[in-house]
Structure formats: C-alpha cells, structure tokens
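Spelled out, the chains give:
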Amino acid sequence: MAYVDDVLKSVERRNPGQPEFMQTVTEVLDSIRPVVERNPAYQDAAILERITEPERVVMFRVPWMDDGGKIQVNRGMRVQFNSAIGPYKGGLRFHPTVYLGIIKFLGFEQIFKNALTTLPMGGGKGGTDFDPKGKSDNEVMRFCQSFMTELQRHIGPDTDVPAGDIGVGGREIGFMYGQYRRLRNEVTGVLTGKGLKWGGSLVRTEATGYGLTYIVEEMLKDIGESVEGKTVAMSGSGNVATYAVEKIHQLGGKVVTVSDSNGWIHDADGIKLDFLKELKEVKRARIKEYAEEVKSAKYAEAGSGDNVWTVPCDIAMPNATQNELNGDDAKTLIKNGVKAVGEGANMPCTPEAVEAFLEAKVLFSPAKAANAGGVATSGLEMCQNSMRMSWSFEETDAKLKGIMQSIHTQCKEAAEEYGCPGNFVAGANIAGFIKVADAMVAQGLV
Ligand code: NDP
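All residue numbers refer to positions counted from 1 along the written sequence of the respective chain. Restriction of local features to residues with pLDDT of at least 70 applies here, the model being predicted, together with a cutoff of 80 or more for giving and counting side-chain atom pairs; totals for whole chains, interfaces and linings are based on all residues. Neither water nor hydrogens contribute to the side-chain values; these are computed over all heavy atoms in the structure.

Peer 1: How would you summarise the pattern of salt bridges if you had to cite specific residues and measurements?
Peer 2: Note on definitions: salt bridges are taken to be side-chain nitrogens of Lys or Arg within 4 Å of carboxyl oxygens of Asp or Glu. The full count for this structure, using the stated rule, is 24 salt bridges. With a shortest N-O distance of 2.7 Å, R78 and D160 are connected by a salt bridge. One end of the pair, R78, is in strand β2 (residues 71–82); the other, D160, is in strand β5 (residues 160–163), and 82 residues separate them in sequence. In this structure, R171 engages D137 in a salt bridge whose closest nitrogen and oxygen atoms are separated by 2.7 Å. Only DSSP runs of H or I reaching four residues or more are called helices, and only runs of E reaching two or more are called strands; each is numbered from the N terminus.

Put into structure tokens, the structure is as follows:
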C-alpha cells in the first residue's frame, strides 16, 4: 500500500543510523497494512506519520563521581512516545549499548504492548549508557541520584511513570525513587517496581516471567497441550528469565538452559532455581559459577560455537536482549522439534527468525504480547498506589493471569479478523494499533 510505503521511506530518511527503531517500525507498519486499507480515516488523520514520531524526547547529561573521586559523565534520555491512552509508561535501561535508536525502538514497541494490557497506559522508554556491572553500591547510588535530578522534571504519576529494564532492578529503582521523593517532596507512584514496604506491588518482580509462561500456556492450550512435561530452552538469567524458570517449574515443565552475556549453561537435570537466584540476585555473579557448583551443568563461553538454541527443546524463550535469536537459530530449533516460542525479551528474534517460525507453524508469541505481564503489573502497582492500598499475591497474580489470557485472545481474534489466523505477530500489532489509532483520531490533531 502506497501510504504505508511512503511513511516507511520518510521514517527511514528522518531517523538515520537507528536500525533497531527502523526494524520495529517496519514490522508494525507491515502488519497493519490491511487495517489502514480498510480504514481510510487513519490516513486522513495522518496517524502513521504521527504515531512514528515521539511526542517528546529528552536527552541530558548525567555527571557523577566514582569511588576514586574521578568525575564520570554519562548520557541519559527519556522518549515520551505516545500518551493517547494514558500516561507514558515504560522502563529505564542501563546498559553500555544504549543510544537513542534503542530507546526509540523500545518506546515504540511499548505503545502497542501497553495498549494490549487493557490498562490505560501510553508508551515511553528511557535509559542511559551507564553500566552498573562492576560498580559499587555507592557508585550506583550516586549515578541514580544524578540521573533522577534531571529526570524528575519530566515525569510524574499522571505524566510519565518509568520502571526497570536491563540493568535496572530493585536497587536502582530504590535509589531513584528516594531522590525523586527528596526533590519533589511528594510520595506518589512515580516509579513502578518499588520495594514492597514503600509502595511496590506483590507479583511485580515475578510478573514478566510469570506472564510469559501464562501466555505460552494459553497457546499450548489451543492445541490441547500444556507446559507440563515440556523441556524449555531459554537465554538470559536476569529478572525475566529467573521468574520464567520459577513458573515453568511450578507448572511441571523443565528449563534446561540459561545464559548471560559471557556464556551459557546446560543443566539437563533442570535449572536449580534457588541457586540461580542466589548467584544473580544476591551475589551478582557470572553464570559460569553455576557450572562450577552444580555438577549436572555444563558451561560454554558465548561465541564458542553452539548456543542455548542448539539444545533440543519443546519451548524456546529468548529472555536476554534484542536480535539474540537469528534465522539459523530458528532453523535449528525447528529441526529439533520446537513447538512454541515466547519472546521474553524485547525483539529478541530477528525478522528472519520470526518468518521461519511462522512459516513452520510454530506457535509464536511476540514480545508485545508475551512480555506485557511486566508492564501490566506495573499498571496494577499504579492502581494500588492511587488507591493507597495493596492487593494480596493471589489477587494480583490472578489479575495478571487474566490480562495475559485477554492479550492472547486479542491477538488471536485480530489475526483471524484480518485474514492471518495463527499469526500472533500480526494480531498483536493490529489489536494494539487500532486501540491507539482510534484514541488519536477521537482526540483530534494534537
Ligand atoms: P536483566 O538486566 O535483569 O537481565 C538481562 C539478562 O540478559 C542478563 O542475563 C544479561 O546478561 C543478559 N543480556 C543483556 N544484554 C545482553 C547482551 N547484549 N548479550 C547477551 N546477553 C545480554 O534484564 P531483564 O531480565 O529485566 O530484561 C531482559 C529483557 O526483557 C530485555 O529485553 C527487556 O527489555 C525485556 N523486558 C523486561 C521486563 C521486566 O519487567 N524486567 C518487561 C518487559 C520486557 P549480563 O548480566 O551478562 O549482562
């Protein structure tokens, strides 16, 4: 369709050197071609031109002092992409690879993911090229305080509510929240992922991994199967991976691989969750140490040939980072009989990998749907903060499960309605897009 092609060309011209952003825009716009064709009102209102342009981008200097007394400078940013259906919502990523193109890709994805959650949240994302790895707690605190000193001008409980992402867990959220409270003299739900004693929600820590498992369970249910008895290969060993392992084991499946950026382990007996949590959440150590302690496990360095996707499995869950599972990995997984793939990380499968899975009729839940449990539970945290009360673990977990089931239904129904049954990539993009686009049309030219 000429309209979509023209917008894609224009986005490419106006955002040079941002391949990850271009990758997600291309995927979404390709999926919604039939929707735009059926609804000329979207073209009349220039929805595609507007939805691909962030409402606001803030970029700022973050100066801080290391333990040696030396001044360090990092770059902070927040992309406030779309607030048509609610306050901007999306995580903060602290990783040396962060630059504007990564944050824009994540912010753009977030618009549609948040729309799918059924909760009123717009899309945003932020971060910095600061690397918390190898830094002392005091260094991380000084960095977080400096970062929030600027960010606090641009966020607020009714404006923009950041959360964690890669490199930002409970420790970092705590330091940033403390600084916000101090500077603004207010106690509000301005960040999610807070500690349970100071406004956090039960299940937020577990939410992304649990939600991912719930949606994979839903896909399997459609073909009369379940997670029980299935072997699972996954990457990552951070927040998403850890709680996906927990939920899979609770449902009777067995996770046999995890990884970090240095290497990966294969434990044919099943990942020892308590040991993994101690290693990653408490000691902040490398995954290599798992194999040094657990006799049933083997370790291999990253890039040394095989990877987690060469281990035969029924379910694959890429839970580390973008573009970590390529076309060749997908072919290996398919050859080994994979039945279902759930994207725990954001855009972890390359376009070639996604195509291979769809072609082979592997059940495939894209990140926008599969990892939406994290932001959905952040939405539940915002709700509890506004009411100044908190729900039990069971109540919150039941709400999360209900949301994941609803997301799967939306993806399935949208895919069917637009002529591509079983294609949940298209389904997620279409369902998320229609909700936001309709809100934009209704609200006029803003
Ligand atoms: P964590 O920082 O807790 O863990 C990230 C994991 O991925 C670590 O094991 C890390 O290894 C590995 N990793 C990160 N970058 C790379 C890389 N470039 N190459 C190889 N491995 C890498 O992050 P999360 O678990 O929170 O996030 C993982 C993914 O899930 C991200 O894509 C994030 O955007 C997405 N996500 C997270 C949500 C959440 O609620 N936390 C919600 C929705 C999506 P190492 O320690 O060596 O860096």
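Peer 1: Could you give an account of the sheet that holds strand β11 (residues 340–342), naming the residues involved and the relevant values?
Peer 2: Pairing in this open sheet of 7 strands is mixed, and the strands run β9-β8-β7-β6-β10-β11-β12 from one edge to the other. On the outer flanks of this sheet lie β9 (297–301) and β12 (363–365), each paired with one strand and no other. Direction aside, the axes of adjacent strands within the sheet are offset by 15 degrees on average. As defined by bridge partners, strand β8 (residues 263–267) adjoins β9 across 5 bridges and the pair is classed as antiparallel. From the neighbouring strand, I265 faces β9, where its bridge partner is Y299. Contacting β6 (231–234), β7 (254–259) and β10 (315–317), helix α10 (residues 239–250) runs over the sheet at an angle of about 170 degrees to β7. One requirement defines pairing of two strands: DSSP has to find at least two bridges between them. Orientation is described by axes fitted as lines to C-alpha atoms, over the contacting stretch for helices, and by angles from 0 to 180 degrees between their N-to-C directions. Whether two residues touch is decided by their heavy atoms; if any such pair falls within 4.5 Å, the residues are in contact.

Peer 1: Outline the sheet that holds strand β1 (residues 56–65), listing residues and values.
Peer 2: Within the open sheet, the 5 strands sit side by side as β1-β2-β4-β3-β5. Their pairing is mixed. With one partner strand each, in any of the chains shown, β1 and β5 form the two edges of the open sheet. When strand polarity is set aside, the average angle formed by the axes of neighbouring strands in this sheet is 20 degrees. Contacting β1, β2, β3 (88–94), β4 (122–128) and β5, helix α7 (residues 137–151) crosses the sheet at an angle of about 145 degrees to β1.

Peer 1: Let's hear about the site of the ligand: which residues, and what values?
Peer 2: Nearness is defined per residue: one heavy atom within 4 Å of the molecule or strand is enough. Inspection of the region around the ligand gives 24 residues, with K133, D165, T208, S261 and N346 positioned closest. Two N or O atoms count as a polar contact when they lie within 3.5 Å, although within protein this holds only if one can serve as hydrogen donor and the other as acceptor, and sequence-adjacent residues are included solely when both atoms are side-chain atoms. One of the side-chain nitrogen or oxygen atoms of R93 is found 2.9 Å away from an oxygen atom of the ligand. In the environment of the ligand, an oxygen atom lies 3.0 Å from a nitrogen or oxygen atom belonging to the backbone of V240. In these tables, accessible area is a Shrake-Rupley quantity obtained with a 1.4 Å probe, and a residue counts as shielded only by the protein chains included in the view. Its free accessible area being 890 Å², the ligand has 83% of it covered by the protein chains. Going through the elements one at a time, α9 (204–222) and α10 are the ones with two or more residues in the shell around the ligand. All amino acids are sorted into three groups, where Ala, Val, Leu, Ile, Met, Phe, Trp, Tyr, Cys and Pro are nonpolar, Asp, Glu, Lys and Arg are charged, and the leftover types, Gly among them, are polar. For the shell around the ligand, the class distribution of residues is 4 nonpolar, 14 polar and 6 charged. When residues of the shell around the ligand are assigned to domains, at least three map to each of domain 1 (55–187) and domain 2 (207–370). Residue ranges for the domains originate in an automatic or database domain assignment.

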